[in-house]
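Fold and contact review
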Amino acid sequence: MPLSEKDNYMKVINGETPEWVPRFTFGPDPHSTKEQPTAGLMVRAYTPTSMPGQEGYTDMFGVSYTSSAQTSGASLPTPDAHIMEDIRDWSKLLKLPDITNTDWDAVCKAAIDALPGPAENYAKSFGGIGAGFFLPLMNMMGFSNGLVAMHEEPEIVHEMYTYMADWYEYGLSRTIDKLPVDIFSVGDDTAAAFQPFISPQMYHDLVVPYVSRLSKYAQDRNLPVMMHCCGRCEDFIEDWIAFGVTAWNPAQVTNDLDSIKAKYGNSLVLCGCWDSSGEAGYMYTSEEIVRQAVRDCIDRYAPGGGFMFLGSVYGPEDDPAVDLKRKWMTEEYEAYRETPYK
């Protein structure tokens, strides 16, 4: 019986050599001829006023978001709309939704029903009912005030993170065993393109204790842990490994990915390794450049396993030139994905 897209994907997650290079995706690709290998279990423990990407979206922390064509429809915190100026006011200003009367069976069923097809077809990732510590603080205060708060008031930051972790854990403990979870996901964008926002020591002291609390649910159930962290964040990898991370997306090229792959091998799956700011990402790049970039990425990082392709093309969703580049990228990935393992 031929290997399914899901099973081939899980071979890589489990440190095995796959039959072809899997593709890591954040959603369906209209240009793909292959089954989607993975999907997220999104538990809605409370009812938001609107969803990400929609006008008026406000997150669980009370931060408002704005989307635009320049962000390909992605929502970013509305400029200068911070909900907190002084970290010492957090307990008065931060009130997470009351979820004590939630029908957990119902919300878990809704998460399963929302999958794009039968649950058994996908490697299902689950990150609880909310996640992140560093970035939510930045979104609430803005980067300048947020970074100053972490430096000057670490004990108060600990108090706020404990409150957040308690809320996350309350929902996580009531959902994880009701869901068909294959992968536990955690995420926090703690780095800019070329350097982390905070020192490795600050990350270890202020952020790791709370991510570790949540990741223990995965470790206790022998679930692999997937980390989402953009930017040059390789300084944090040792801490990730300590709380069970076995895969990382989007593994961007400003990190020393060759050295990372040589050091960790299949024990840390690199999902990405695509140079989104390189020539293949230019607005009107030729077809051959895009296709060659796909082949080069696969040739460089696929040998030996421990790699998933995650290509991206940025630009307005309704721009035909952007869509055409996405089509070329997908076609070339599907034509070339078996080459490293023949």
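It should be emphasised that the depicted structure is a prediction, and the values quoted were computed from it without experimental measurement. (Residues numbered from 1 in each chain as written. Predicted model: local features only at pLDDT ≥ 70, side-chain atom pairs only at ≥ 80, totals over all residues. Heavy atoms only, no water.)

A few words now on the pattern of salt bridges. This structure, assessed with the given rule, holds 22 salt bridges. Between E5 and R337 there is a salt bridge, with the nearest N and O atoms lying 2.8 Å from each other. Separated by 332 residues along the polypeptide, E5 in helix α1 (residues 5–13) and R337 in the segment after α11 (320–336) bring together distant segments of the chain. R337 shares its class with E5; the two are buried. Across the pair R291 and E287 runs a salt bridge whose closest N-O atoms are separated by 2.8 Å. Separated by four residues within a single helix, R291 and E287 lie in helix α10 (residues 287–301), roughly one turn from each other. (Salt bridge = Lys/Arg side-chain N within 4 Å of Asp/Glu carboxyl O. Helix = DSSP H or I, 4+ residues; strand = E, 2+ residues; numbered from the N terminus. Buried < 20%, exposed > 50% of the residue type's maximum accessible area, 1.4 Å probe, protein only.)

Structurally, the position occupied by L179 is in the loop between α6 (154–173) and β5 (183–187). When its relative accessible area of 8% is taken as the criterion, L179 is described as buried. Taking the C-alpha atoms as reference, L179 lies 19 Å from T100; in sequence the two are 79 residues apart. Apart from residues no more than four positions distant in its own chain, L179 is found in contact with L41, V43, C108, A111, I112 and F126. (Contact = heavy atoms within 4.5 Å.)

This part takes up α10. The first and last C-alpha atoms of α10 sit 22 Å apart over 15 residues, in line with the 21 Å expected at 1.5 Å per residue. Those residues of α10 that fall on the buried side of the exposure criterion are V290, R291, V294, R295, C297, I298 and Y301. Taken around the axis of α10, the buried residues stretch over an arc of 160°, which confines them to a single face. Packed against the buried residues of α10 are α9 (257–264), β8 (269–272), β9 (307–309) and α11. (Expected span 1.5 Å × (residues − 1). Arc of directions from axis to C-beta.)

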